[in-house]
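Here are the chains, one letter per residue:
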Amino acid sequence: MQHLELVYVLLSHLPWIGLGLFVGILFGALPGLGMIVGITLLLPLSYNMDAAGAVLMLLAVYQGAEYGGSISAIVLKIPGTAMAAPIMIDGVPMATQVSPGKALGYSLYGSTFGGLFGAAVLIIFAAPIASLALKLADADIFLLGLIGLIAVSGLSEAPLIKSLIAVVLGFIVGTIGIDLMTGLPRLTMGLPELYDGPNLIAVVVGLFAISEVLTMTLGDMNQRRLIAAKDMNTRLSMTELRPVVKAMFTGSGVGVVTGVLPGVGSTISSWLAYAAAKRLSPHKQQFGQGAPEGIAAPDAANNATVGGALLPFLALGIPGSASIAIIAGAFVIHGVQPGPQLMRTQPDFIQHLFIGFVVTTLCMFVMGRLLTTLFARALTIPNSLLAPTIAALSLCGVYVSSGNFFDLWLAVALGIATFGLRQLDYPVANFILALILAPIIEKSFRRALTISEGDFFVFLNTPTSAVLSALALAVCAAALVKTFRSPRA
């Protein structure tokens, strides 16, 4: 009976998974948009859904966009997402010399393999890590959150000072509302609409959707991209797949590890996977000339990163990437608290999530096989149609989520401010990660000091806290070394 109920639940989620994959692949393929805008667009829709369906839909966007970026990289020679850039190195020569379909086939099979690999790692290791996390004290949880913030601000591509400013701003916004320990309003400016904190959907839409629409207006709005949507059959035989299995394992391993590390993400993992596959290949001289391994390895890494980024989020409550931080909004909306208690308190939700994650990966493969030509043709849509459509859908979603005009103005104001910050190269992803981590860090810090009666040695007086403090210092040192080396590099 329980199995039949599980099958029914998964079947009821399939339409939402399909919608998420379609939006993810489409927005991943369209240069300049990407997964975060796609997730932002569907986040308001998740408001009236059940928790598992909402999260699976948004994860489907994440997974679909990882593959979608390869479509424009191979067909247009323009990576739809930053993580698809390494795929151009061998994808474009293969598309020219053999066919775009073969190159996209290796990309699709690599993405599917990486997604299943990441799902397996997530299913196997989430519960043990959560069990260990249950033994952590408030001081340890604070240090874990702090390590995540330091890694995000210090190890990202943006200059350190700009990363720190974005993190501080995100942390400030994350503390707006009623102080849970004193019951007093903080930073609300007397506005009752902010007593529960800013509407997360309005914040995310302003940061990513509205600012992206404004950024699109800086380019040629009527430019139509020309593509050759022929020879798009992505089917590969076992003879063609066998030589790239090792590369897909390599890329998947790299993707999972980098996904676990906060702030690293698939942009770096795809380059690391390409380098690792080349180093381990017996045909190094073919890389750069259309080597199948050079396509399959980074794509496997991209999708394995999704499972890796989910691991610390579900087990510890710490998002491993900006996309997972936005998906955390769906958890917050539905009252689901990620972290070590989740495995114990909501086992049905976790079971649906794990199995749905595998189903999403398989559905991505089917959709990629059937609709790749359609997604390639979608690349001809001009920005003059895309920009107003995205803006209208985003603002409608904000209003539907709360029914409050204040949130509409908040989204617009944040979008304009973020547009200015993006022109100055401030990392918006750092802002949203800090906003999500702020309540966890603040609550754990204040609890630890309350229990220890203000003794700051509480962050050093156990082996675990001492190790985590040392790790935080090591991450700080790595960030400083990176900062001082980068001008000379």
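(A) The arrangement of the overall build of the protein in detail. Each helix and strand counted, the protein has 19 helices and 2 strands in total. Relative to its 489 residues, the protein shows a buried fraction of 55%.

(B) Highlighting the environment of Met189. Note that Met189 resides in the loop between strand 2 (185-186) and helix 8 (200-216). Accessibility expressed as a relative area gives 69% for Met189, which makes it exposed. Distance from Met189 to Gly177, taken between C-alpha atoms, is 9.9 Å for residues 12 residues apart in sequence.

(C) How the structure looks around unusual backbone geometry. At Leu187, a residue that is not glycine, the phi angle is positive and equals roughly 55°. When you line up the elements, Leu187 lands in the loop between strand 2 and helix 8.

(D) Broad picture of the nonpolar core. Grouped together as the largest cluster of nonpolar side chains are 112 residues, with contacts concentrated most on Leu59, Ile71, Leu314, Ile327, Phe331 and Phe349. With 17 residues, helix 3 (residues 51-75) is the single largest residue contributor to this core. Not counting residues within four places of it along the chain, the set of residues in contact with Phe331 comprises Val55, Phe313, Leu314, Val336, Pro338, Leu342 and Phe349. Counting 20 residues, the second-largest nonpolar core is a separate cluster that includes Ile150, Ile318, Leu437 and Ile441.

(E) The arrangement of the packing of helix 2 (residues 34-42) against helix 13 (residues 322-333) in detail. Closest axis-to-axis distance for the helix 2/helix 13 pair is 10 Å, and the angle between their directions is 5°. Looking at the two axes, helix 2 sits roughly parallel to helix 13. The segment helix 2 lies against helix 13, with Met35, Ile36, Ile39 and Thr40 engaging Ala322, Ser323, Ile326 and Ile327. For the contact of helix 2 with helix 13, the per-class residue count stands at 6 nonpolar, 2 polar and no charged.

(F) Seen up close, the packing of helix 3 against helix 15 (residues 347-377). The geometry of helix 3 relative to helix 15 is characterised by a closest axis approach of 9 Å and an angle of 35° between their N-to-C directions. As for how helix 3 packs across helix 15, the hand of that crossing is right-handed. Facing helix 3, whose interface residues are Ala51, Ala52, Val55, Leu56, Leu59, Ala60, Gln63, Gly64, Tyr67 and Ile71, helix 15 presents Phe349, His352, Leu353, Gly356, Phe357, Thr360, Thr361, Met364, Gly368, Thr372, Phe375 and Ala376. Taken together, the residues that form the contact of helix 3 with helix 15 break down as 14 nonpolar, 8 polar and no charged.

(G) Representation of the confidence of the model for the protein within the structure. Predicted confidence across the protein gives a mean pLDDT of 78, with 87% of residues reaching 70 or more. Here helix 11 (residues 265-280) stands out as the least confident element of the protein, with mean pLDDT 73; helix 17 (residues 405-423) is the most confident, with 85.

(H) Quick peek at the environment of Phe375. Along the chain, the position of Phe375 falls in helix 15. Between the C-alpha atoms of Phe375 and Phe22, which are 353 residues apart in sequence, the distance is 8.9 Å. With sequence-adjacent residues up to four places away left out, Phe375 is seen in contact with Phe22, Ile25, Leu26, Ile71 and Met367.

(I) Geometry of the pattern of salt bridges. Tallied over the full model, the rule gives 2 salt bridges. Between Glu442 and Arg186 there is a salt bridge whose closest N-O contact spans 2.5 Å. Of this pair, Glu442 sits in helix 18 (residues 428-451) while Arg186 sits in strand 2, placing them 256 residues apart in sequence. Residue classification places Arg186 among the partly exposed positions, given a relative accessible area of 23%. When the shortest N-O distance is used, the salt bridge between Glu442 and Arg446 registers 2.9 Å. With a gap of 4 residues between them, Glu442 and Arg446 both fall in helix 18, about one helical turn apart. Among the residues examined, Glu442 registers a relative accessible area of 18% and is labelled buried. Given the relative accessible area of 23%, Arg446 is considered partly exposed. The structure contains a network of salt bridges with shared partners spanning Arg186, Glu442 and Arg446.

(J) Region of interest: helix 7 (residues 160-174). Taking 1.5 Å per residue, 15 residues should reach 21 Å; helix 7 reaches 21 Å between its end C-alpha atoms and fits that length. For helix 7, the full list of buried residues reads Leu160, Ser163, Ala166, Val167, Gly170 and Val173. Projected down its long axis, helix 7 carries its buried residues within an arc of 155°, all on one side.

(K) Quick peek at the environment of Leu59. The topology assignment puts Leu59 in helix 3. For the pair Leu59 and Gly20, spaced 39 residues apart in sequence, the C-alpha to C-alpha distance is 7.5 Å. Dropping the residues within four chain positions of it, Leu59 is found in contact with Val306, Leu310, Ile324, Ile327, Leu353 and Phe357.

(L) Spotlight on the packing of aromatic side chains. Overall, the coordinates contain 8 aromatic pairs when judged by the stated rule. Measuring from ring centre to ring centre gives 5.0 Å for Tyr109 and Phe365, while their planes differ by 80°; the resulting arrangement is edge-to-face. Here Tyr109, found in helix 5 (residues 100-133), pairs with Phe365, found in helix 15; they are 256 residues apart in sequence, far enough to count as distant. On the basis of relative accessibility, which here comes to 22%, the residue Phe365 falls in the partly exposed class. Ring-pair connections join several aromatic residues into one group, and the members of that group are Phe113, Phe117 and Phe249.

(M) A look at a nonpolar patch on the surface. On the surface, Ile161, Ile165, Val168, Leu169, Ile172, Leu187 and Leu421 cluster together to form a nonpolar patch covering roughly 570 Å² of accessible area. Top element by residues in the nonpolar patch is helix 7. It accounts for 5 residues. By the element assignment, Leu169 lies in helix 7.

Reading the values: the criteria
- Residues numbered from 1 in each chain as written.
- Predicted model: local features only at pLDDT ≥ 70, side-chain atom pairs only at ≥ 80, totals over all residues.
- Heavy atoms only, no water.
- Helix = DSSP H or I, 4+ residues; strand = E, 2+ residues; numbered from the N terminus.
- Buried < 20%, exposed > 50% of the residue type's maximum accessible area, 1.4 Å probe, protein only.
- Core = buried A, V, L, I, M, F, W, Y, C linked by side-chain atoms within 4.5 Å.
- Contact = heavy atoms within 4.5 Å.
- Axes fitted to C-alpha atoms, helices over the stretch in contact; angles between N-to-C directions.
- Parallel < 35°, antiparallel > 145°, perpendicular 65-115°, else oblique.
- Nonpolar A, V, L, I, M, F, W, Y, C, P; charged D, E, K, R; others polar.
- Left-handed = near helix turned anticlockwise from the far one by under 90°.
- pLDDT = per-residue confidence, 0-100.
- Salt bridge = Lys/Arg side-chain N within 4 Å of Asp/Glu carboxyl O.
- Expected span 1.5 Å × (residues − 1).
- Arc of directions from axis to C-beta.
- Phe/Tyr/Trp six-rings, centres within 6.5 Å; stacked < 30°, edge-to-face > 60°.
- Patch = residues over 30% accessible without salt bridge, like charges linked within 9 Å, V, L, I, M, F, W, Y side chains within 5 Å.
- Areas by Shrake-Rupley, 256 points an atom, 1.4 Å probe, with all protein chains shown as cover.

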